[in-house]
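# Fold and geometry: a report
Listed here are the chains, written in short residue letters.
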Amino acid sequence: MFDKITSFWISLPDVTRGAVISTGWILVITVVLILCVAYLTLWERKVLGYMQLRKGPNRVRIFGMLPGFGQPFADVLKLLTKELVIPARSNKFLFRLAPLLTLIPAFAAWAVVPVSPNLVVSNADAGLLYLLSLTSMGVYGVIIAGWAANSKYAFLGAMRSAAQMVAYEIAMGFALVGVLMASRSLNLGIIVHGQHGGLLAWNWLWLFPLFIVYFISGVAETNRAPFDVAEGESEIVAGFHVEYSGVGFALFFLAEYANMILISALTSILFFGGWLSPFDGYLGDSWLAQPSFVWLAAKIFIFLFLFLWFRATFPRYRYDQIMRLGWKALIPVTLVWIAVEMVLSAYKVGPWSH
């Protein structure tokens, strides 16, 4: 039986085999990402609980063990069994489409993300442009969700959230231009390989202001605290998705946490060497110096913890403060540092010396 399967596999054209392998990895990454999102919600509630001197979820168990670890599945079951109420005067097609427009880019972006030295679904040479185009799609889901519901509160929340996302999207784009200038490539795998040499060879050292801008903009892009004005708590409503319930709300919820993981992964890849070891070039051929997915996972873990820490620590900003930070602070910083990079490149300093 095994010999027949092997011979059949070998007889397939290279294109077909490549498509099958890519499809398999897409399914694996999607399932793992969904599970990570589920347990990120539990981790957030546990971290917030410890920081606020309380327990967090500790009742729902899996097979009678691991208290609290069944909570994400209980939440999913609750959301799936709730009725999806569609407002009578809403645009029903767009109302259903909006959550998908928010969720799909968060998953599709992983097609060009190299998760290990030998694993990437699509090793696209224009991966950075692909990411820019996909991450900017999320704002359409927000606007359509607010408009299609035919609700004043939802529309106000959508406009507020869209203005914030556009402002910080520009800052993120300029930060990526700085990474492009340093690496001279749009391919994420080449960007990671260009950071060989250990901790001090990673992009964060020469692009530190851009790293700060990118990560702050990523927190704002995902509507996380202290930038979570989309919820509009002064209005006692949930912002642009106030009319959504059940599966519709679950998809927005899933997209927010999937985007947190994506921003953490991209920050690790663009500024912190991705799957490269911090001991690369210091410990010779030791296993600690070898590139591995474990290093990327550790870096993602650290940045995700920062997301949770910010929520537990910082008060929510006023809307005028958020817009002022985006337009008058972060964007000018990126423009100035791009000019500094031009000077460093002209005089062959740092990563531009070769």
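Being a predicted model, the structure only gives us computed values, none of them experimental.

Considering all chains together, one arrives at 26 aromatic pairs under this definition. With a centroid separation of 6.1 Å and an interplanar angle of 65 degrees, the aromatic rings of Phe211 and Phe303 are classed as edge-to-face. Taken together, the positions of Phe211 in helix H10 (residues 208–221) and Phe303 in helix H12 (residues 293–313) put the pair 92 residues apart, joining distant regions of the chain. The buried category is assigned to Phe211, whose relative accessible area is 10%. The positively charged end of Lys299 is found above the aromatic ring belonging to Trp202, 4.0 Å away from the centroid.

Along the chain, Ser185 falls in the loop between helix H7 (152–183) and helix H8 (188–193). Here Asn187 takes part through its backbone nitrogen, which lies 3.0 Å from a polar atom of the side chain of Ser185. The contacts of Ser185, once residues within four sequence positions are left out, are Leu180, Ile190 and Ile191.

Turning to H10, a few remarks are in order. Here H10 spans 20 Å end to end across 14 residues, near enough to the 20 Å set by a 1.5 Å rise per residue. Within H10, ten of the 14 residues are buried, which leaves it mostly tucked inside the rest of the structure. Among all positions in H10, only Leu210, Phe211, Val213, Tyr214, Phe215, Ser217, Gly218, Val219, Ala220 and Glu221 are buried. If you follow the buried residues of H10, they end up packed against helix H5 (127–135), H7, helix H11 (246–271), H12 and helix H13 (319–346). Asn223, located one to two residues past H10, shows a positive phi value of around 60 degrees.

A few words on the nonpolar core. For soluble globular proteins, nonpolar side chains are generally found buried alongside one another. Formed by 68 residues in total, the largest nonpolar core has its most connected members in Trp110, Leu188, Tyr214, Leu266, Leu270 and Phe271. Here this core takes 14 residues from H11, the largest share from any one element. When residues no more than four places from it in sequence are discounted, the contact partners of Leu188 are Val112, Val113, Pro114, Leu128, Leu131, Leu266, Ile269 and Leu270.

A word on the side chain of Asn203. Here Asn203 lies in helix H9 (residues 203–206). For Asn203, a relative accessible area of 9% corresponds to the buried category. Sequence-distant contacts of Asn203, that is, excluding residues within four places in its chain, are made with Val179, Ala182, Ile191, Gln195, Phe208, Leu270 and Phe271.

Two packed helices can be described by the angle between their axes and the distance between those axes. Taken N-terminus to C-terminus, the directions of H10 and H13 make an angle of 150 degrees; their axes are 9 Å apart at the nearest point. Considering the angle they form, H10 stands roughly antiparallel to H13. Judged by the sense of rotation from one axis to the other, the crossing of H10 with H13 is left-handed. The segment H10 lies against H13, with Pro209, Leu210, Val213, Ile216 and Ser217 engaging Leu325, Leu330, Val333, Thr334, Trp337 and Glu341. Tallied by class, the residues present in the contact of H10 with H13 amount to eight nonpolar, two polar and one charged.

Quick look at a nonpolar patch on the surface now. Taken together, Leu199, Leu200, Leu205, Trp206, Phe279, Tyr282, Leu283, Val343, Tyr347 and Val349 make up a surface patch of nonpolar side chains, about 940 Å² in accessible area. Along the chain, Val349 turns up in the segment after H13.

Calculation notes
Within each chain, residue numbers correspond to sequence positions counted from 1 in written order. Thresholds applied to this predicted model are a pLDDT of at least 70 for local features of residues and 80 or more for the giving and counting of side-chain atom pairs; totals over whole chains, interfaces and linings are not thresholded and use all residues. Processing note: side-chain calculations cover all non-hydrogen atoms of the structure and skip hydrogens and water entirely. Aromatic rings from Phe, Tyr and Trp, with only the six-membered ring used for Trp, were paired whenever their centres fell within 6.5 Å, and each pair was classed as stacked if the ring planes differed by under 30 degrees, edge-to-face if by over 60, and tilted otherwise. In DSSP terms, a helix is any run of H or I states spanning at least four residues, a strand is any run of E spanning at least two, and both are numbered starting from the N terminus. Only protein chains enter the accessibility calculation, which uses a 1.4 Å probe. A residue is then buried if its area is under 20% of the maximum for its type, exposed if over 50%, and partly exposed in between. Whether a charge sits over a ring depends on NZ of Lys or CZ of Arg being within 6 Å of the ring centre and within 35 degrees of the ring normal. Within 3.5 Å is the distance limit for a polar contact, defined as a pair of N or O atoms, with the added protein rule that one can donate a hydrogen and the other accept it, and that residues adjacent in sequence qualify only through two side-chain atoms. The criterion used for residue contact is that any of the two residues' heavy atoms lie within 4.5 Å. Given a helix with a known number of residues, its expected span is that number minus one, times 1.5 Å. Only buried Ala, Val, Leu, Ile, Met, Phe, Trp, Tyr and Cys residues count toward a nonpolar core, and they belong to the same one when joined by side-chain atoms within 4.5 Å. As a rule, the C-alpha atoms of each element are fitted with a line to give its axis, helices using only the stretch in contact, and angles between N-to-C directions run from 0 to 180 degrees. Note on angle classes: values under 35 degrees are labelled roughly parallel, values over 145 roughly antiparallel, values of 65 to 115 roughly perpendicular, and the remainder oblique. Crossing handedness: left-handed means the near helix sits turned counterclockwise from the far one by under a right angle, and right-handed means the same turn made clockwise. Residue type decides the class: Asp, Glu, Lys and Arg count as charged, Ala, Val, Leu, Ile, Met, Phe, Trp, Tyr, Cys and Pro as nonpolar, and the leftover types, Gly among them, as polar. Residues enter patches when their relative accessible area tops 30% and they take part in no salt bridge; the joining distance is 9 Å for like charges and 5 Å for the nonpolar side chains Val, Leu, Ile, Met, Phe, Trp and Tyr. Exposure was quantified through the Shrake-Rupley algorithm and a 1.4 Å probe, taking into account, for residues, occlusion by the shown protein chains and nothing else. Any Lys or Arg side-chain nitrogen found within 4 Å of a carboxyl oxygen on Asp or Glu counts as a salt bridge.

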